[in-house]
Amino acid sequence: MDLRTALVQGNQLLKEGGIAAPRLTAEVLLAHAIGKPRQYFYAHPEEELTELGWIHYGRYLHQRLGHKPTQYITKTQEFWGREFHLTPDVLIPRPETEHLIETVLAECPGAKRIVDVGTGSGAIAVTLALETAAELFATDISEAALKVARGNAKTHSAKVSFLRCNLAEALASASVDALVSNPPYVPEADRPSLEPEVRDWEPAGALFAGADGLALYPALIAGAYRVVRPGGHFIAEMGIHQSAAMIQLLSASWINIHVIKDLAGIDRVISATRTKAV
């Protein structure tokens with residue numbers, strides 16, 4: 001079987017299986033199976049697929065038909081122009097989270113120390129370590145996630161200090177200029193309606209946060225107030241319809257509270273400045 005035929009058959013299988021973007025997915029999976037970039041197919045459509053390549057390709061197609069995310073099959077996802085290694089122990093980085101990076105770069109140009117709370121794959125921490133002059137710390141409660149994050153930091157030669165703890169508990173008071181986080185914020189009520197790729201494969205602990213999705217924020221904000229220096233920043237991602245509640249949670253002790261929308265017009269990131277201690 002040549003590469004052209006393999007793509008046609010893979011596309012058909014995925015299309016019949018109700019998988020989104022079947023042609024693109026077939027290309028990504030075949031490229032992963034043969035260890036070549038997708039552009040290779042256009043220059044060599046008549047090249048024969050090896051037996052080993054077919055075995056790998058068939059397995060990947062079967063996994064995708066079972067709704068395993070493509071990123072967990074290829075073990076990679078691009079974020080901020082860099083490839084990050086993934087396992088099912090960490091959330092798949094989303095393009096929307098790049099708004100978090102943009103906000104930090106715009107609002108914390110002079111930050112000397114930044115902590116990424118709930119780092120997961122390390123995409124946020126690694127990106128900020130490479131895009132700023134700040135000293136980066138990253139926390140996660142999951143040792144499996146920290147293993148992935150450490151690997152990504154090593155791959156990209158990013159200097160990040162990783163700490164295993166709940167939220168920011170391992171950091172000293174008034175020790176950072178900014179706390180950033182993409183915490184769990186999906187309401188439990190939304191679980192049945194999520195795509196199976198998300199609901200059945202991504203780590204629930206990195207997705208769901210109580211009935212309204214806000215369960216983690218009070219402790220996160222309290223921890224941020226403790227570890228962020230006066231005049232420092234709290235910048236976090238949030239879900240749809242959560243901005244009003246987030247503003248209320250922050251208004252007691254934070255100033256300059258404002259919301260950044262994503263490309264779909266959804267309130268996606270909230271930023272606030274820490275007041276001086278009373």
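Student: Any chance you could explain the sheet that holds strand β3 (residues 113-117) here in plain terms?
Tutor: The pairing of strands in a sheet comes from backbone hydrogen bonds and takes either a parallel or an antiparallel form. Across the sheet, which stays open at both edges, the 7 strands sit in the order β5-β4-β3-β6-β7-β9-β8 with mixed pairing between neighbours. The sheet terminates laterally at β5 (160-164) and β8 (254-261), the two strands that pair on one side only. For this sheet, the mean angle separating the axes of adjacent strands, direction not counted, is 15°. In this structure, strand β7 (residues 228-237) lies alongside strand β9 (residues 267-274), joined through 5 bridges in antiparallel fashion. Among the inter-strand pairings, Phe-234 is bridged to a residue of β9, identified as Ala-272.

Student: Looking at this structure, I do not really get the packing of helix α10 (residues 217-227) against helix α11 (residues 243-250). What am I missing?
Tutor: Describing two packed helices takes the angle between their axes plus the distance from one axis to the other. The interhelical angle for the contact between α10 and α11, taken along N-to-C directions, is 40°, at an axis separation of 10 Å. Taken together, the axes of α10 and α11 are oblique relative to one another. In the crossing of α10 with α11, the sense of the turn from one axis to the other is right-handed. Between α10 and α11, the residues in contact are Tyr-217, Pro-218 and Ile-221 and Met-246, Leu-249 and Leu-250, respectively. A breakdown of the residues in the contact of α10 with α11 according to their chemical character gives 6 nonpolar, no polar and no charged.

Student: Would you mind showing me how to read α10 here?
Tutor: Side chains three or four residues apart in an α-helix point the same way, a direct result of the helix having 3.6 residues per turn. Looking at α10, one finds that the buried residues are Tyr-217, Leu-220, Ile-221, Gly-223, Ala-224 and Val-227. Angular distribution of buried residues about the axis of α10 spans 160°; they occupy a single face of the element. On its buried face, α10 sits against β3, β6 (176-181), β7, α11 and β8.

Student: Even after reading the chapter, I still don't get the side chain of Asn-152, so can you show me in this structure?
Tutor: One can find Asn-152 in helix α8 (residues 143-155). Using a relative accessible area of 1% as the deciding quantity, one classes Asn-152 as buried. Residue contacts for Asn-152: discarding those within four places in its chain leaves Phe-84, His-85, Ser-121 and Val-126.

Student: What exactly am I supposed to notice about the pattern of salt bridges here?
Tutor: Note on pairing: side chains with opposite charge can pair once their charged atoms come close. Applying the stated criterion across every chain, the model contains 12 salt bridges. Of the charged contacts, one joins Arg-82 and Glu-131 as a salt bridge, the two residues approaching to 2.7 Å between their closest N and O atoms. Note that Arg-82 is positioned in strand β2 (residues 82-85) and Glu-131 in helix α7 (residues 123-131), a separation of 49 residues in sequence. Judged by relative accessible area, which is 18%, Arg-82 ranks as buried. In this structure, the salt-bridge partner of Lys-261 is Asp-267, at a minimum N-O distance of 2.7 Å. Each member of the salt-bridge network shares a partner with another, and the members are Arg-23, Glu-27 and Arg-38.

Student: Whenever I open this one, the environment of Ala-219 confuses me. Can you help?
Tutor: As for its placement among the helices and strands, Ala-219 is situated in helix α10. Put simply, Ala-219 and Asn-166 are 53 residues apart on the chain and 9.9 Å apart in space, counted from C-alpha to C-alpha.

Student: Before we go on, may I ask you to explain the packing of aromatic side chains in this structure?
Tutor: The description of an aromatic ring pair uses the distance of the two centres, along with the angle that the planes make with each other. Applying the stated criterion to the full structure yields 4 aromatic pairs. Here Trp-54 and Tyr-57 contribute two aromatic rings whose centre-to-centre distance is 6.0 Å and whose plane-to-plane angle is 65°, an arrangement assigned as edge-to-face. Of the two residues, Trp-54 and Tyr-57 are both situated in helix α4 (residues 51-65); the distance of 3 residues between them amounts to about one turn of the helix. Residue class for Tyr-57 comes out buried when judged on its relative accessible area of 0%. Centroid distance Phe-234 to Trp-254: 5.7 Å. Interplanar angle 50°. Geometry classified as tilted.

What counts as what
- Residues numbered from 1 in each chain as written.
- Predicted model: local features only at pLDDT ≥ 70, side-chain atom pairs only at ≥ 80, totals over all residues.
- Heavy atoms only, no water.
- Pairing = 2+ DSSP bridges.
- Helix = DSSP H or I, 4+ residues; strand = E, 2+ residues; numbered from the N terminus.
- Axes fitted to C-alpha atoms, helices over the stretch in contact; angles between N-to-C directions.
- Parallel < 35°, antiparallel > 145°, perpendicular 65-115°, else oblique.
- Left-handed = near helix turned anticlockwise from the far one by under 90°.
- Contact = heavy atoms within 4.5 Å.
- Nonpolar A, V, L, I, M, F, W, Y, C, P; charged D, E, K, R; others polar.
- Buried < 20%, exposed > 50% of the residue type's maximum accessible area, 1.4 Å probe, protein only.
- Arc of directions from axis to C-beta.
- Salt bridge = Lys/Arg side-chain N within 4 Å of Asp/Glu carboxyl O.
- Phe/Tyr/Trp six-rings, centres within 6.5 Å; stacked < 30°, edge-to-face > 60°.

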